[in-house]
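# Topology and contacts: notes
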Amino acid sequence: MALKVATYNVNGVNGRLARLLEWLDETGPDIVCLQEIKTTDEKCPAGALENAGYGSLWHGQRSHHGVAILARGEQPVELRRGLPGDELDRQARYLAAQVKGLVVASVYLPNGNPQPGPKFDYKLAWFERFNAHARTLLSSGRPVVLAGDLNVVPTKADIYNEWLWRLDAVVQPETRAAFRRLLEQGWIDATRHFHPDERIYTFWVNDSAFRRNAGFRMDFLLLAPNLAPIDTGVDTAYRGKDRASDHTPVWVRLREP
């Protein structure tokens, strides 16, 4: 048996609900991590998702940020709400749950623009806290998936034209170095595990960029090394639909732990 785990920055879950439900129905993932839900827990579409066969767990924030975890046929069991390491940080960017034998975290790392400045400083500090927590998860020995929009473009091969975006926070050396330190802990980047050299994008700034395939790879499924991935993919076609998010789903199929 296999489990299909996906990540999807929906860019507003209520405004994109029709697209989300369509994708769930057509592709049938077992576990989904959402980012940028942009709504409070009280206004999340839990009922609509339950009708579609998915239990859901929400860590929302009005108009900004927000993450969620969906599970087909069951209710995710919450493990952690919010990233540890800064009690004053109230941004809704991290949610972890026990789902179908896995520990799954939905992650929305700060964008960091404009840089330099306080937003970039917050991004780097958040990344360091995330890396520290990721190391703790990895050392637990449990089967863990870190899923989300990490707002990093790791290499030139992950963006259509690095030079045009050379001042953006997602391509800065400090951002890339933090991501490398994360991978050096032992996490498997599912996309690159199966497609080490292929140009694969998960985000396009607008429809025109999508039509030209002028994209970025910023959405990741990072697997603990005790998991066995079978295959992976990016549901690129959903970026071209009406009222689509600027990101598209990324998924991996795993042998059940």
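Here the structure is a predicted model, which means the values were calculated and not measured.

Looking only at helices and strands, the protein chain has 6 helices and 12 strands in total. A compact globule built from 257 residues would reach a C-alpha radius of gyration of about 18 Å, and the protein chain, at 17 Å, matches this within 12%. Along the three orthogonal principal directions, the C-alpha set of the protein chain runs to about 45 × 40 × 35 Å. Pairs at least 24 apart in sequence give 69% of the contacts found in the protein chain among residues at least 6 apart.

Another point: the sheet that holds strand 12 (residues 250-255). Across the sheet, 6 strands lie side by side as 3-4-2-1-12-11; this open sheet has mixed pairing. The open sheet terminates on both sides in strands that have one partner only, identified here as strand 3 (54-59) and strand 11 (229-234). For this sheet, the mean inter-axis angle between neighbouring strands, taken without regard to orientation, is 15°. For strand 3 and strand 4 (residues 67-72), the ladder comprises 6 bridges, and the chain directions are antiparallel. Paired with Trp58 across the bridge in strand 4 is Ala68. Along the sheet, helix 1 (residues 17-27) makes contact with strand 1 (2-9), strand 2 (31-35), strand 3 and strand 4, crossing strand 1 at roughly 160°.

A word on helix 1. Turning to helix 1, its buried residues number three or more, namely Leu17, Arg19, Leu20, Trp23, Leu24 and Thr27. Considered in projection along helix 1, the buried side chains sweep an arc of 165° and stay on one side of the axis. What points out from helix 1, more than 90 degrees from its buried face, is the exposed set Ala18 and Asp25. Where helix 1 is buried, its residues meet strand 1, strand 2, helix 2 (46-51), strand 3 and strand 4.

Looking now at the pairing of strand 2. For a regular strand, the rule is simple: side chains alternate between the two faces of the sheet. A large share of strand 2 lies buried, amounting to 5 of its 5 residues. The alternating pattern of strand 2 places Ile31, Cys33 and Gln35 and Val32 and Leu34 on opposite faces, both of which are buried. Between the parallel pair strand 1 and strand 2, the chain is carried across by helix 1, and the sense of this crossover is right-handed. Across 5 bridges, strand 2 lies against strand 4 in antiparallel orientation. The partner of Cys33 across the bridge, within strand 4, is Ile69.

To continue, consider empty space enclosed by the protein. Taken as a whole and assessed by the stated rule, the structure comprises 1 cavity of 30 Å³ or more. Computed from the structure, the largest cavity encloses a volume of approximately 30 Å³. Along its surface, the largest cavity is lined by Val107, Phe130, Leu146, Ala147, Gly148, Leu150, Phe220 and Leu222. Secondary structure elements with two or more residues in the lining of the largest cavity: strand 8 (144-149) and strand 10 (219-223). Per element, the largest residue contribution to the lining of the largest cavity is 3 residues, and it comes from strand 8.

Relative to the assigned elements, Arg16 resides in the loop between strand 1 and helix 1. Despite its burial, Arg16 remains without a salt bridge, the nearest opposite charge being carried by Asp246 at 6.1 Å. Within the structure, the side chain of Arg16 is placed 3.3 Å from the backbone oxygen of Arg243, a separation counted as a polar contact. Separated by 3.1 Å, the side chain of Arg16 and the backbone oxygen of Ala244 make a polar contact. In this structure Arg16 touches Val10, Asn11, Arg243, Ala244 and Ser245, once residues within four positions along its chain are discounted.

Within the secondary structure, Ala48 is located in helix 2. Linking Ala48 and Tyr8, residues 40 residues apart in sequence, is a C-alpha distance of 17 Å. Contact partners of Ala48, with chain neighbours within four places excluded, come to Leu17 and Leu21.

Glancing now at the packing of aromatic side chains. As enumerated under the stated definition, the model contains 7 aromatic pairs in all. Summarising the aromatic geometry, the rings of Phe179 and Phe220 are spaced 5.0 Å apart at their centres and angled 40° between planes, so their arrangement reads as tilted. With a gap of 41 residues between them, Phe179 in helix 4 (residues 173-183) and Phe220 in strand 10 connect regions that are remote in the sequence. A relative accessible area of 3% means that Phe179 is categorised as buried. Residue class for Phe220 comes out buried when judged on its relative accessible area of 1%. Over the ring of Trp163 we find Arg166, and its NZ or CZ is 3.7 Å from the ring centre. Across the ring face of Tyr238, the terminal group of Lys241 is positioned such that the distance to the ring centre comes to 5.3 Å.

Basis of the calculations
Residues numbered from 1 in each chain as written. Predicted model: local features only at pLDDT ≥ 70, side-chain atom pairs only at ≥ 80, totals over all residues. Heavy atoms only, no water. Helix = DSSP H or I, 4+ residues; strand = E, 2+ residues; numbered from the N terminus. Rg over C-alpha atoms; globule rule 2.2 N^0.38 Å. Contact = heavy atoms within 4.5 Å. Pairing = 2+ DSSP bridges. Axes fitted to C-alpha atoms, helices over the stretch in contact; angles between N-to-C directions. Buried < 20%, exposed > 50% of the residue type's maximum accessible area, 1.4 Å probe, protein only. Arc of directions from axis to C-beta. Right-handed = clockwise from strand over helix to strand, strands pointing away. 1 Å grid on protein atoms, 1.4 Å probe; cavity = no way out; pocket = protein on both sides within 12 Å on 5 of 7 lines; lining within 4 Å. Points joined across faces, edges and corners; volume = space filled by probe spheres on them. Lys, Arg positive; Asp, Glu negative; His and termini not counted. Salt bridge = Lys/Arg side-chain N within 4 Å of Asp/Glu carboxyl O. Polar contact = N/O pair within 3.5 Å; in protein donor to acceptor, adjacent residues only side chain to side chain. Phe/Tyr/Trp six-rings, centres within 6.5 Å; stacked < 30°, edge-to-face > 60°. Lys NZ or Arg CZ within 6 Å of the ring centre and 35° of its normal.

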